[in-house]
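Fold and contact review
Next come the chains, spelled out residue by residue.
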Amino acid sequence: MRKMILSAVILSFLFLPVLSGCESKQLKDENARLKQQVDTMTKDKAGMQAQMSQTMAQMDEMKKKNADLEKETADLKAKLAELQKKSPKQPAKPGAKPTTKKK
């Protein structure tokens, strides 16, 4: 009985480093894969930030153009209103003969 227990203890001491070595190798492999994923995500993040800044710049430019166009529209509406006040109302079709009723 003592021989069996002694042999079991000796075997466990012999196989313990092998088992822990396999486990540490798996952990190293997993760690390497995780580092690659982190590097990939970091590169993707940098690309997305660059794309976002470009999109924001385009959006600011579009807002500026929109404001300019709204101002121009308001100016044109004011000119149109001024012209309509100055000139008398004209017939719908200029150059058309006025219609008269025949008796």
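This write-up is about the structure you can find in this document. Keep in mind that what you see is a predicted model, and the values were worked out from it rather than measured.

Some points on the overall build of the protein chain
Along the backbone of the protein chain there are one helix and zero strands. Relative to its 103 residues, the protein chain shows a buried fraction of 0%. For the protein chain, the computed accessible surface area is about 10,900 Å², with 63% contributed by carbon and sulfur atoms.

Things to note about the pattern of salt bridges
This model, assessed by the stated rule, comprises two salt bridges. Of the charged contacts, one joins Lys65 and Glu61 as a salt bridge, the two residues approaching to 3.5 Å between their closest N and O atoms. Note that Lys65 and Glu61 are positioned in helix α1 (residues 2-86) at a spacing of four residues, about one turn of the helix. Overall, Lys65 belongs to the partly exposed group, its relative accessible area being 45%. For Lys86, the salt bridge identified is with Glu82, shortest N-O distance 3.3 Å. Of this pair, Lys86 and Glu82 both sit in helix α1, four residues apart, which is roughly one turn of that helix.

Remarks on a nonpolar patch on the surface
Together, Leu6, Ile10, Leu11, Leu14 and Phe15 line one region of the surface with nonpolar side chains, adding up to about 510 Å² of accessible area. For Ile10, the location among the structural elements is in helix α1.

Basis of the calculations
Starting afresh in each chain, residues are numbered from 1 along the sequence in its written order. Only residues with pLDDT of at least 70 are given local features in this predicted model, and only at 80 or more are side-chain atom pairs given and counted; all residues enter the totals for whole chains, interfaces and linings. Side-chain descriptors were evaluated using all non-hydrogen atoms of the structure, hydrogens and water having been removed beforehand. A run of DSSP states H or I qualifies as a helix once it reaches four residues; a run of E qualifies as a strand once it reaches two. Both are numbered from the N-terminal end. Working definition: with a 1.4 Å probe on protein chains only, accessible area under 20% of the residue-type maximum means buried, over 50% means exposed, and in between means partly exposed. To be clear on the numbers: accessible area is Shrake-Rupley with a 1.4 Å probe, and residue cover counts the displayed protein chains and nothing else. Within this document, salt bridges are pairs made up of a side-chain nitrogen of Lys or Arg and a carboxyl oxygen of Asp or Glu, the two lying within 4 Å of each other. Within the patch definition used here, like charges are joined within 9 Å and nonpolar side chains (Val, Leu, Ile, Met, Phe, Trp, Tyr) within 5 Å, considering only residues with over 30% relative accessible area and no salt bridge.

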